[in-house]
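One-letter residues, chain by chain:
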Amino acid sequence: MRILIIGGTRFVGRHIAEAAIAAGHDVTLFHRGQTGPELFPQATHLTGDRNNDLSALAAGRWAATVDVCGYLPRQVRSLAAALDGRGGQHVFISSTSAYRTPVAAGFTEDAALAELADPATQEITDQTYGGLKTACERAAAELHGAAGATIVRPTYVIGPHDYSGRFTWWVQRIARGGAVLAPGEPGDPIQVIDARDLASWIVSLIERSVTGVFHAVSPPPPFGFGDMLQAIAAEVGPAGTELSWAPSDFLLAEGEHELSLPLWPGADSESDINAADPAAAVAAGLAPRPLRRSIAEIHQAELRAPTPTRDQVGLSPEREAELLTRWRAAAGG
């Protein structure tokens, strides 16, 4: 099959491209040219910018198109216009942030979606991200037809080459051992999906022409931040590793946030979107590897070749020690 990937050289797109090539498909990657063709020499590389230059897509026909990097509905519409019906089955990578909160643990794909206060907004912020993803989904379904669109809603995607560094930071931090500052409450909901499992599943959806809306999340709820950190500690934490929990109100008052303590919900009122029901995706073939296997593989990948992150992620050892000391003093411990 001929498969077109929009944004196929970084993290999620990179893993989808790798899975599609490994499965024997003819892959075309449309990207900005910041990564050279040496990454996937077997693929056809088309260079352009989805915001202002889609001319490289003027010719060609594909059995499926995977849009990894659509954040604004105008991007979805301009891509559809450029492909002009030649893109085949359309797979749009969305997010569980598309839901209107609060939602109950175990919510399914028919839960109410977020709406934009200003439908004309073009600014991506914490407040508009979910509503923009909803608008993108609707544009994809409208332009490609309900029978031709596959909407995938992940929570946090983890794995090798994760330039956000969020989950990876916890793996590397706990691997150093000692007293680890654990933020919030152990029961704060969290879900992840390994990019490699997400990728191979998406390729299988294309191979089987499966459409619909799916949560790409794991494990099923209930699963908390404490469960995640304990799994990391069990896999890579040396003897004597200790999780020391500090409440969110203390950490917020100290000026900490979602980058200094990645994946921690902090003051985020939308943390319940991390308790989605994966049943529909599992029924469609999603088979996440055990979390501890992902942890071990991420740790080994980072030891071989650390992934540059786009932001400064995580606490410094000095700041972590300071916070632990201050919290123990405040708690009388």
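All of these numbers come straight from a predicted model, not from anything done at the bench. Numbers given to residues run from 1 along each chain, matching the order in which its sequence is written. Totals for whole chains, interfaces and linings use every residue, but because this is a predicted model, local features are given only for residues with pLDDT of at least 70 and side-chain atom pairs only at 80 or more, for both listing and counting. Side-chain numbers here rest on the full set of heavy atoms in the structure, without hydrogens or water.

Draft legend 1. The overall build of the chain, seen in detail. For the purposes of this entry, the term helix denotes a DSSP run of H or I that reaches at least four residues, the term strand denotes a run of E that reaches at least two, and both are numbered from the N terminus. For the chain, the count of helices and strands is 10 helices and 11 strands. Computed over its C-alpha atoms, the radius of gyration of the chain comes to 20 Å, within 12% of the 20 Å expected for a compact globule of 333 residues. Here the C-alpha coordinates of the chain stretch approximately 70 × 45 × 35 Å along the principal axes. Expressed as a percentage of its 333 residues, the buried residues of the chain come to 53%. The criterion used for residue contact is that any of the two residues' heavy atoms lie within 4.5 Å. Restricting to contacts in the chain with at least 6 residues of sequence separation, those with at least 24 account for 79%. About 14,200 Å² of surface is accessible on the chain, with carbon and sulfur atoms providing 51% of the total. Radius of gyration here is computed from C-alpha atoms only, and the compact-globule reference equals 2.2 Å multiplied by the residue count raised to the power 0.38. Only protein chains enter the calculation, and the probe is 1.4 Å; a residue is then buried if its accessible area is under 20% of its type maximum, exposed if over 50%, and partly exposed in between. Using a 1.4 Å probe, the Shrake-Rupley method yields the accessible areas, and only the shown protein chains count as cover for residues.

Draft legend 2. Inspection of the pairing of strand β2 (residues 26–31) at higher detail. In terms of residue burial, β2 counts as a mostly covered element, since 5 of its 6 residues are buried. With 4 bridges joining them, β2 and strand β3 (residues 44–47) adopt parallel strand pairing. Bridge pairing in β3 places His 31 opposite Thr 47. Paired strands are those between which DSSP finds at least two bridges.

Draft legend 3. Helix α2 (residues 73–83), seen in detail. Every buried residue belonging to α2 is among Pro 73, Gln 75, Val 76, Leu 79, Ala 80, Ala 82 and Leu 83, and all of these are buried. The inward-facing, buried residues of α2 contact β1 (2–6), β4 (64–67), β5 (89–93) and α3 (129–144). Directly beyond the C-terminal end of α2, a positive phi value near 50° is found at Asp 84.

Draft legend 4. Geometry of the sheet that holds strand β6 (residues 149–154). Taken together, 7 strands build an open sheet; the order of strands is β3-β2-β1-β4-β5-β6-β10 and the sheet is parallel. The outermost strands of the open sheet, each flanked by one partner alone, are β3 and β10 (212–216). On average, adjacent strands in this sheet sit at an angle of 20° to one another, irrespective of strand direction. Of the strand pairs in this sheet, β1 and β4 are connected by 4 bridges, and their pairing is parallel. Residue pairing in the sheet places Ile 3 in a bridge with Ala 64 of β4. Axis geometry follows a simple rule: fit a line to the C-alpha atoms, using only the stretch in contact for helices, then measure angles between N-to-C directions, giving values from 0 to 180 degrees.

Draft legend 5. Unusual backbone geometry, seen in detail. Residue Pro 102 follows Thr 101 across a cis peptide bond; omega there is 5°. By the element assignment, Pro 102 lies in the loop between β5 and α3. Each neighbour pair has its own omega, and for Pro 221 with Pro 222 the value is 5°, a cis peptide bond. Within the fold, Pro 222 resides in the loop between β10 and α6 (225–236).

Draft legend 6. Layout of the nonpolar core. For the purposes of this section, nonpolar cores are sets of buried Ala, Val, Leu, Ile, Met, Phe, Trp, Tyr and Cys residues that join through side-chain atoms within 4.5 Å. Grouped together as the largest cluster of nonpolar side chains are 35 residues, with contacts concentrated most on Ile 5, Ile 16, Val 66, Val 152, Leu 198, Trp 201 and Ile 202. Listing elements by their share of this core, those giving two or more residues are β1, α1 (11–22), β2, β4, β5, α5 (195–207) and β10. No other element matches α5, which puts 8 residues into this core. Among residues more than four places away in sequence, those in contact with Val 66 are Ile 3, Leu 4, Ile 5, Ile 6, Ile 16, Val 91, Ile 93, Ile 202 and Ile 206. Core analysis: the next-biggest nonpolar cluster, separate from the first, contains 34 residues, Val 180, Leu 229, Trp 264 and Leu 291 among them.

Draft legend 7. Up close: the environment of Val 66. Examined against the element boundaries, Val 66 turns out to sit in strand β4. Once the C-alpha coordinates of Val 66 and Ile 5 are considered, the two residues, 61 residues apart in sequence, prove to be 4.8 Å apart.

Draft legend 8. Examining the environment of Phe 30 more closely. Within the secondary structure layout, Phe 30 lies in strand β2. Residue class for Phe 30 comes out buried when judged on its relative accessible area of 3%. For Phe 30 and Leu 46, which are 16 residues apart along the polypeptide, the C-alpha to C-alpha distance reads 4.7 Å.

Draft legend 9. Inspection of the packing of aromatic side chains at higher detail. Two rings from Phe, Tyr or Trp (for Trp, the six-membered ring) form a pair when their centres are within 6.5 Å of each other. A pair whose planes differ by under 30 degrees is stacked, one over 60 is edge-to-face, and the rest are tilted. By the definition in use, this model includes 6 aromatic pairs. Consider the rings of Trp 170 and Phe 225, whose centres lie 5.9 Å apart with planes at 80°: the pair is edge-to-face. Separated by 55 residues along the polypeptide, Trp 170 in helix α4 (residues 166–175) and Phe 225 in helix α6 bring together distant segments of the chain. Assigned by exposure class, Trp 170 and Phe 225 land together as buried. Measuring from centroid to centroid gives 5.7 Å for Trp 201 and Phe 214, while their planes differ by 85°, and the two rings are edge-to-face. Of this pair, Trp 201 sits in helix α5 while Phe 214 sits in strand β10, placing them 13 residues apart in sequence. With a relative accessible area of 2%, Trp 201 lands in the buried category. Under the relative-accessibility criterion, Phe 214 is labelled buried at 8%. Taken together, the aromatic side chains of Trp 169, Trp 170 and Phe 225 make up a single cluster linked through ring pairs. We count a charge as sitting over a ring when the NZ of a lysine or the CZ of an arginine lies within 6 Å of the ring centre and within 35 degrees of the ring normal. Positioned over the ring face of Tyr 163 is Arg 10, at 3.8 Å from the centre of the ring.

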